[in-house]
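Now for the letters of each chain:
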Amino acid sequence: MSSVAKKRILKEYAECSNDLPSGMKVIFDEANLTKWDVVMEGPAESPYAVCLELAMCFDKRSLMHQGGHFKLEINFPNDYPFKPPVVNFKTKVYHPNVSNDDKGSMCLGMLRPEEWKPPNKVISVLHLIQNLLVEPNIDDAIETSIANDYKTNRAEFNKTAQDWVKRYAK
Amino acid sequence: MESPPFSLEPPPLVPRRESGAGLPDPLSATAGEAVLNPDSRRNSFSVGRPPNSPSPLALMATGSPPARPQRYKVQPPDLASLDYIDTPAPQLICGICQSPYVLPVRLPCDHYFCKDCLSHHFATQDAGNKSCPMCRGKLDINQESLEVPKIMQDMLDALRVRCPNTRFGCSWEDERGNVRTHVMIYCKHSLVECPVAGCDLYCTQTDYGKGCLHYTVQCEKCQGSIYQSDVEILFLDMKKHMDSDCPNTVAACQGNIVGCKVAEIRKDVVAHERTCPMALMAPYFREQQTRLGLAEARIGPLERKVGLLERGLDSITYKLYPAKSRRGTLENLYSEDTTSVPSDSIPEFRLPDPSFPQWGSNDRATAPPPFDSQIDHLLTLHESLREEVSRIKMELNESEGRTNMLVFNENARIRDDMLHMSGALNNVRAQVHWMMSEKLRPSASSGGSTAAADSNKAASSNGNTRSGTQGASHSMAARTAAARLPPRRLSDSTRQETKL
Ligand SMILES: [Zn+2]
Ligand SMILES: [Zn+2]
Ligand SMILES: [Zn+2]
Ligand SMILES: [Zn+2]
Ligand SMILES: [Zn+2]
Ligand SMILES: [Zn+2]
């Protein structure tokens, strides 16, 4: 790994520890800078948060409303920041933009190699993911069946998403 | 020359160089003649050979390096990794390295990047397909880059930074524009080029005189190798390695504080400790030892305190009973008094001294040492009184018995006397009776009884005389006497009759 990448990752980590989006935690191993473990809470206004009391509760302000805990892994390529970081969901999530396999890979927007720009930062990637949980990007969907569900049968989509949260993202 | 950074003592490691020769050390390919050993603490490492060590004499000839910093080839500061004191304005931050620009380059699209960052970026792109990292605008690599505004360079130079050698102890802080001058000329902590030709690495100025340290040393024990220059910087780590990690240094069993004598190389000791009962007990004993130490540390002050209190007590005693305390210390008092204890088996009872808490009292001297409280004292007093009372009771019993015996004996003697007397009396009566009947026979008169009483008196004084002539004269006298006292004689004779 180049010294440029090392310096840049350390700088970004320092920045992340100062202002991370709410409901996020970065676990960082100094011995292995290239892999970050992130724990992200499902935003309250998304179907990735569940009410602990009622099965189908959508009162987002309730204190019993809790985001599921999603584990993500961010891997930095050796020629970071000239190549984008690779983001994977380690927790299964019912989402049109996350592959429904054991990789849980995401590939959209700025994370695409041809769209990545070196000035982009990890923190903006984390913001992007949080926004995607609230509002999936249907046009860039990787799982078309889930995207269809989302488009045509929103209630069913919400229910399945919450079921998965209860099952995998406690 | 303030402090010579090396010494001229002969290298003590010469025999060990053989073991180092077998090391796969690329830097020691060209064998040097002398090995500098400026520091004896490095004795435990076998040393590989530096590429081209100068002889100590040669180093002496070049003079003392620290005195003339300009002799060094100093490593120039890396501006890209400077530590900024304040957060720089975002307009001055390079999008690639996320740090303030170093040698900024202005692209035709008016985007700025560090010169190095941009060349890194171009290296990742195909030859004919270079683009701006920010806007992806096509770039012609041969095109002249635009001039960077002077104000931007000035703002970058005005950013405040710390000396890059802060971790070696430099506390310099100033504008970024001065950092190069500081590091190259003034900073005492700059890394300098290795003094040995052929080595293109850097070392600290304090290590400059030690020759090239850029060869591996080997821990003699475990064959773990480490850069000599790192040993210098991380010497404490190396010491730690020897003290606690190195599996081949000789270490003692944990149980040595209990008495286990095992001391072998560490990996064997670790195996031994698993089975050694003394090693198992060791933590307990170590704890006990620390507690013992603590207790001993506390005894000292307490002893001083007791001495202080004793002196205070002495002075108080002196004030209260000056006469007695003047006789000497307590010990003397006791020993004097015990020798003067009377040897009588039954000591004479005395009432307790009214001022009982008194220290030098004679009474107390024979008794056990002073009591804690008055109650104790009273209790013992009570006890001794009780003993005294029982002793007196026994004595009373004894004397009563003695008196009884005395009375009994006296009684018996008196009774004997009485018996004797009554016997004598009977005898007299019988005599009188005989005499009376003798007299009554010739006269047979009415005065017989009175004459018998008279003759009775005469018989007792004269003894028993029965001659007839004497009896005649007696009866004559008795007749005259009877004429004088007739009533009394009558009553006397009748009384004697009834008694006997
Ligand atoms: Zn840069
Ligand atoms: Zn541009
Ligand atoms: Zn300095
Ligand atoms: Zn060297
Ligand atoms: Zn070792
Ligand atoms: Zn042992």
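Counting of residues starts from 1 at the beginning of each chain's written sequence and follows it residue by residue. The lettering of chains begins at A and the numbering of ligands begins at 1, in the order of writing. Where totals are concerned, whole chains, interfaces and linings use all residues; where local detail is concerned, this predicted model gives features only for residues with pLDDT of at least 70, and gives and counts side-chain atom pairs only at 80 or more. Each side-chain value is worked out from all heavy atoms of the structure, with water and hydrogens disregarded.

- Chain B carries the name RING-type domain-containing protein in an unreviewed UniProt entry, which gives Sporormia fimetaria CBS 119925 as its organism.

- An unreviewed UniProt entry lists chain A under the name E2 ubiquitin-conjugating enzyme, with Sporormia fimetaria CBS 119925 as the source organism.

## So, the confidence of the model for chain B
Any segment with low pLDDT has predicted coordinates that should not be analysed in fine detail.
Residue and element names in this part refer to chain B.
Here is step 1 of the chain: Across chain B, pLDDT averages 70, with 57% of residues at or above 70.
Here is step 2 of the chain: Confidence scores labelled pLDDT are given residue by residue by the predictor and lie between 0 and 100. Every residue pair with non-hydrogen atoms within 4.5 Å of one another is taken to be in contact. In the model, residues 1–70 has pLDDT below 50 throughout and makes 98 contacts with residues more than four positions away in sequence or in other chains.
Here is step 3 of the chain: Every residue in residues 232–236 is under pLDDT 50, and counting partners more than four places away or in other chains gives 8 contacts.

## Focus: the coordination of the zinc ion (ligand 3)
Residues and elements named next belong to chain B.
Here is step 1 of the chain: Because no water is among the atoms considered, metal sites can look incomplete, with donors defined as N, O and S atoms within 2.8 Å of the metal, or 3.2 Å for Na, K and Ca. Looking at the zinc ion (ligand 3), the protein donor atoms are Cys-163 (SG), Cys-170 (SG), His-182 (NE2) and Cys-187 (SG), and they sit 2.0 to 2.3 Å from it.
Here is step 2 of the chain: Written as a sequence motif, the donor arrangement for the zinc ion (ligand 3) is C-x6-C-x11-H-x4-C. Here Cys-163 is found in the loop between strand E4 (160–162) and strand E5 (173–175), whereas its partner Cys-187 is found in the loop between helix H5 (179–186) and strand E6 (191–193), with 24 residues between them in sequence. Cys-187 shares its class with Cys-163; the two are buried. Segments assigned H or I by DSSP are reported as helices when at least four residues long, segments assigned E as strands when at least two residues long, and all are numbered from the N terminus. Burial classes: relative accessible area under 20% of the type maximum marks a residue as buried, over 50% as exposed, and values in between as partly exposed (1.4 Å probe, protein chains only).

## Notes on the coordination of the zinc ion (ligand 2)
Note on metal geometry: ideal angles are 109.5 degrees for four donors arranged tetrahedrally and 90 or 180 degrees for six donors arranged octahedrally.
Residue and element names in this part refer to chain B.
Here is step 1 of the chain: The protein atoms that coordinate the zinc ion (ligand 2) are Cys-109 (SG), His-111 (ND1), Cys-132 (SG) and Cys-135 (SG), at distances of 1.9 to 2.3 Å.
Here is step 2 of the chain: One can describe the donor arrangement at the zinc ion (ligand 2) as tetrahedral, given that its 4 donor atoms subtend angles of 107 to 113° at the metal.
Here is step 3 of the chain: Classification of Cys-135 by relative accessible area gives partly exposed; the value is 37%. For a four-donor site, all angles between 85 and 135 degrees give tetrahedral; for four or six donors, opposite pairs above 155 degrees with the remaining angles between 65 and 115 give square planar or octahedral; all remaining cases count as irregular.

## Concerning the interface of chain B and chain A
Here is step 1 of the chain: Tallying the contact residues gives 16 residues for chain B and 15 residues for chain A.
Here is step 2 of the chain: Salt bridge criterion: a side-chain nitrogen from Lys or Arg within 4 Å of a carboxyl oxygen from Asp or Glu. At the junction of chain B with chain A, the criterion picks out 1 salt bridge.
Here is step 3 of the chain: By the criterion applied in these results, polar contacts are pairs of N or O atoms within 3.5 Å in which, for protein atoms, one can donate a hydrogen and the other can accept it, and in which residues neighboring in sequence qualify only through two side-chain atoms. Here chain B is connected to chain A by 8 residue pairs in polar contact (both at pLDDT 80 or more).
Here is step 4 of the chain: Here the side of chain B that touches chain A gets 3 residues from one element, more than from any other, and that element is helix H3 (residues 115–123) of chain B.

## Section: the sheet that holds strand E2 (residues 32–41) of chain A
Residue and element names in this part refer to chain A.
Here is step 1 of the chain: Pairing is antiparallel in the open sheet, where 4 strands are placed in the order E1-E2-E5-E6. Looking at strand neighbours, the two that pair on one side only are strand E1 (24–29) and strand E6 (86–89), the edges of this open sheet. Going from strand to strand, the sheet's axes swing by 25° on average, the running direction of each strand aside.
Here is step 2 of the chain: When DSSP finds two or more bridges between a pair of strands, those strands are recorded as paired. Two elements, E2 and strand E5 (residues 69–75), share 7 bridges in a ladder whose sense is antiparallel. Following the sheet pairing, Val-38 is matched in E5 by Leu-72.
Here is step 3 of the chain: Across the sheet, helix H1 (residues 3–18) touches E1 and E2, and the angle it forms with E2 is around 25°.
Here is step 4 of the chain: The strands touched by helix H2 (residues 122–134) within the sheet are E1, E2, E5 and E6, with E2 carrying the most contacts at an inclination of about 30°. Here the axes come from fitting lines to C-alpha atoms, over the contacting stretch only for helices, and the angles between their N-to-C directions go from 0 to 180 degrees.

## Some points on the nonpolar core
Nonpolar side chains tend to gather and get buried jointly when the protein is soluble and globular.
Here is step 1 of the chain: Of all hydrophobic cores here, the largest spans 42 residues; its most connected members are Trp-36, Phe-89 and Met-106 of chain A.
Here is step 2 of the chain: Of all the secondary-structure elements, those providing two or more residues to this core are H1, E1, E2, E5, E6, H2, helix H3 (144–152) and helix H4 (154–168) of chain A.
Here is step 3 of the chain: A per-element tally of this core places H2 of chain A first, with 7 residues.
Here is step 4 of the chain: Beyond its immediate sequence surroundings of up to four residues, Phe-89 of chain A is in contact with Phe-70, Lys-71, Leu-72, Val-98, Lys-103, Gly-104, Met-106, Ile-129 and Leu-133 of chain A.
Here is step 5 of the chain: For this analysis, a nonpolar core means a set of buried residues of the types Ala, Val, Leu, Ile, Met, Phe, Trp, Tyr and Cys, connected via side-chain atoms within 4.5 Å. Counting 33 residues, the second-largest nonpolar core is a separate cluster that includes Tyr-84, Cys-132, Leu-139 and Val-148 of chain B.

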